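# Residue-level structural notes
Below are the chains, spelled out letter by letter.
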Amino acid sequence: SQQGEEDPQALSIQEGENATMNCSYKTSINNLQWYRQNSGRGLVHLILIRSNEREKHSGRLRVTLDTSKKSSSLLITASRAADTASYFCATDASNYGQNFVFGPGTRLSVLP
Amino acid sequence: GAGVSQSPSNKVTEKGKDVELRCDPISGHTALYWYRQSLGQGLEFLIYFQGNSAPDKSGLPSDRFSAERTGGSVSTLTIQRTQQEDSAVYLCASSPNLGNNSPLHFGNGTRLTVT
């Protein structure tokens, strides 16, 4: 089974609204990362949050981490059509060695 | 500077043929990863190289899959006797140093179609 799982699988919102995506994982982690993937492209790193951090901001992005619930959320505020993409969380669970485990992603559509 | 480069961007091959996929990581990045992404799915870990250490091959799905990283730079992923279920996008990523706090830099992938 996958280490990280995002929900919802798909999200459709209007431009200007906020988008919230969630990620759950199963084992202890050192950090959790969020990536964005535009159609037909590779993944682009958005933000990294360490296990001893609870919240982190970067521009219009806000990430929270709750290690007791083994969950994280990604909030995109004031969404734009250009935010349309798939969003993935990735964890580096210590028992997975040095590789990163990605969830299946959330497909976000921002309608103009 | 240049990002991670993968070639070819698209590859169509017949079932049973061998294919080689190439990845040029960012210069100076010591860690290199291969992932596979099926249509609309997440990423499946295949193999990880770190410097001169033995690679972590734990994600390779069968012995038809192999990968090399020559001189600590360019990597090739080889799939022998391709099957239709091998059709996917193969993504390569590199990272600047050992440790789990470095983000991955991805190439745009090679879309493999086995007919």
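So, a few notes on the structure that sits alongside this text. Position numbers for residues start from 1 in each chain and track the written sequence from start to end. Starting at A for chains and at 1 for ligands, labels are handed out in the order in which the entities are written. The predicted nature of this model means local features are confined to residues of pLDDT at least 70 and side-chain atom pairs, given and counted, to a pLDDT of 80 or more, with totals for whole chains, interfaces and linings taken over all residues. Excluded from the side-chain calculation are hydrogens and water; included are all heavy atoms of the structure.

## A closer look at the interface of chain B and chain A
Definition in use: Whether two residues are in contact is decided by their heavy atoms: any pair within 4.5 Å suffices. A simple way to read buried area is as the amount of 1.4 Å-probe accessible surface that goes missing from two parts once joined, with both sides added. Criterion for a salt bridge: a side-chain nitrogen of Lys or Arg within 4 Å of a carboxyl oxygen of Asp or Glu. For the purposes of these results, a polar contact is taken to be a pair of N or O atoms within 3.5 Å, where, inside protein, one atom must be able to donate a hydrogen and its partner to accept one; residues adjacent in sequence count only when each atom of the pair is a side-chain atom. Secondary structure elements follow DSSP: runs of H or I of four or more residues count as helices, runs of E of two or more count as strands, with numbering from the N terminus. Residues are sorted three ways: Asp, Glu, Lys and Arg are charged, Ala, Val, Leu, Ile, Met, Phe, Trp, Tyr, Cys and Pro are nonpolar, and all the rest, Gly among them, are polar.
Each partner contributes to the interface: chain B provides 21 residues, whereas chain A provides 21 residues. When chain B packs against chain A, the two sides together hide about 1,700 Å² of surface, and 48% of this comes from carbon and sulfur. Applying the counting criterion to the chain B and chain A interface returns zero salt bridges. Here chain B is connected to chain A by four residue pairs in polar contact (both at pLDDT 80 or more). Those elements that provide at least two residues to the side of chain B that touches chain A are strand E4 (31–37) and strand E5 (43–50) of chain B. For the side of chain B that touches chain A, the class distribution of residues is 10 nonpolar, 10 polar and one charged.

## Some remarks on unusual backbone geometry
Here the amide bond leading from Ser 7 of chain B into Pro 8 of chain B is cis, since omega sits at -10°, within 30 degrees of zero. Among the secondary structure elements, Pro 8 of chain B is positioned in the loop between strand E1 (5–7) and strand E2 (10–13). Positioned with a positive phi, Ala 78 of chain A is a non-glycine residue whose angle comes to about 45°. Checked against the element boundaries, Ala 78 of chain A lands in the loop between strand E8 (71–76) and strand E9 (85–91). Phi is positive for Arg 81 of chain B, which is not a glycine, with a value near 45°.

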